[in-house]
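Reading the structure
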Amino acid sequence: MQQIINFVIRNKTFLLFLLLFIVSIALTIQSHSYHKSKFINSANFFTGGIYESANNVSNYFDLKTQNEILVEENNELRSQILNGLDSTVVSTSKIDTTSYDGRYKIQTAKIINNNYSASKNYLTINKGEKQGLKEDLAVITSKGIVGIIDNTSNGYSRVLSILNTKSRINAQLRSSNHIGSLIWNAKSSSIVQLTDISKFAPVKQGDTIVTGGQSSIFPQGIPIGIVDSFVLDISGDTYTVDIKLFNDMANLSHVYIIENLDAEEIKQLETPINE
């Protein structure tokens, strides 16, 4: 203990300088949006490299499971080719990622970090700006939706998970097209909520929920899950529906990134113009 005190006394000038330097950097980052953005991107790059190294080790011991998943996906794709199916949604829990029209660009990525036990969860994927990724791109698996990219660095991207209380995604009943908002109440990693569904909607247990058509991020019809239960809200006008997800959010590996090539045009059209 005495040695530590002596060290501090001998180097008090340098330590004071270091403390003031760190404080000044922190204040600069907090007070300027440009510096803050650069700091976040640098942090993403640094943590992304750490996550990827750790993920490479864990994936080695998970090869059997991942191979089984890939075999299942390949079998589904081959079945679609042989049967000549061309619908966007092949079944209640499978997606044909090759059937979208020219409006969408699709590429694959690998999850290197996945949080699902907090109230605000994020994932990290191993592709970023140099692969053309940017904010507000949809992230899905072969079974259903995962989230939306909300931050990028050169080689990595952060995904706002659907298991995040900040998440809001347009969704609908597949059987009747009644539309609501998909949110999460932070209680279960396998259950999300669909709110603002009209009391006149024919909701029943086991119904399939898919992405709605009122979004420039997700294509319409991507599977989300099935109705687990539903209750009429206090107002008596709408339902809140518990949705059991098709995806096991605690066991994700490979994902598809979907970019709507018309998204910018849609945003510009919908932006209010001061007359």
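As shown above, the structure is provided for reference.
Quick summary incoming for the structure in this document.

The rules we used
Just so you know, the residues in each chain are numbered from 1, in the order the chain's sequence is written. Side-chain atom pairs in this predicted model are given and counted only at pLDDT of 80 or more, local residue features only at pLDDT of at least 70, and totals for whole chains, interfaces and linings cover all residues. Hydrogens and waters are ignored; side-chain quantities use all the structure's heavy atoms. Each residue is assigned to one of three classes by its accessible area relative to the maximum for its type, calculated with a 1.4 Å probe on protein chains only: buried under 20%, partly exposed between the two thresholds, exposed over 50%. Secondary structure counts use DSSP, requiring at least four H or I residues in a row for a helix and at least two E residues in a row for a strand, with both numbered from the N terminus. At least two bridges found by DSSP between two strands are what make those strands a pair. Salt bridges are defined as contacts in which a side-chain nitrogen from Lys or Arg sits within 4 Å of a carboxyl oxygen from Asp or Glu. Structural elements are reduced to axes, namely lines fitted to C-alpha atoms, with helices fitted over the stretch in contact, and the angle between N-to-C directions of any two is expressed from 0 to 180 degrees.

Summarising burial for strand S10 (residues 191–198): six of the eight residues are buried, a large majority. Note that strand S9 (residues 179–183) and S10 share three bridges and pair antiparallel. Bridge pairing in S10 places Ser181 opposite Thr195.

This part is about the pattern of salt bridges. Going through the model one piece at a time under the given rule, you end up with five salt bridges. In this structure, the salt-bridge partner of Glu259 is Lys134, at a minimum N-O distance of 3.3 Å. Of this pair, Glu259 sits in strand S14 (residues 254–260) while Lys134 sits in the loop between strand S4 (120–125) and strand S5 (138–140), and the two are 125 residues apart along the sequence. Overall, Lys134 belongs to the partly exposed group, its relative accessible area being 42%. Note that Asp207 and Lys204 form a salt bridge whose closest N and O atoms lie 3.2 Å from each other. Classification of Asp207 as buried rests on a relative accessible area of 7%. Exposure remark for Lys204: the relative accessible area of 49% places this residue in the partly exposed category.

This part is about the sheet that holds strand S11 (residues 208–211). Around the barrel, six strands lie side by side as S8-S9-S10-S13-S12-S11; this closed barrel has antiparallel pairing. Across this sheet, the average inter-strand angle for adjacent strands is 40°, counted without regard to direction.

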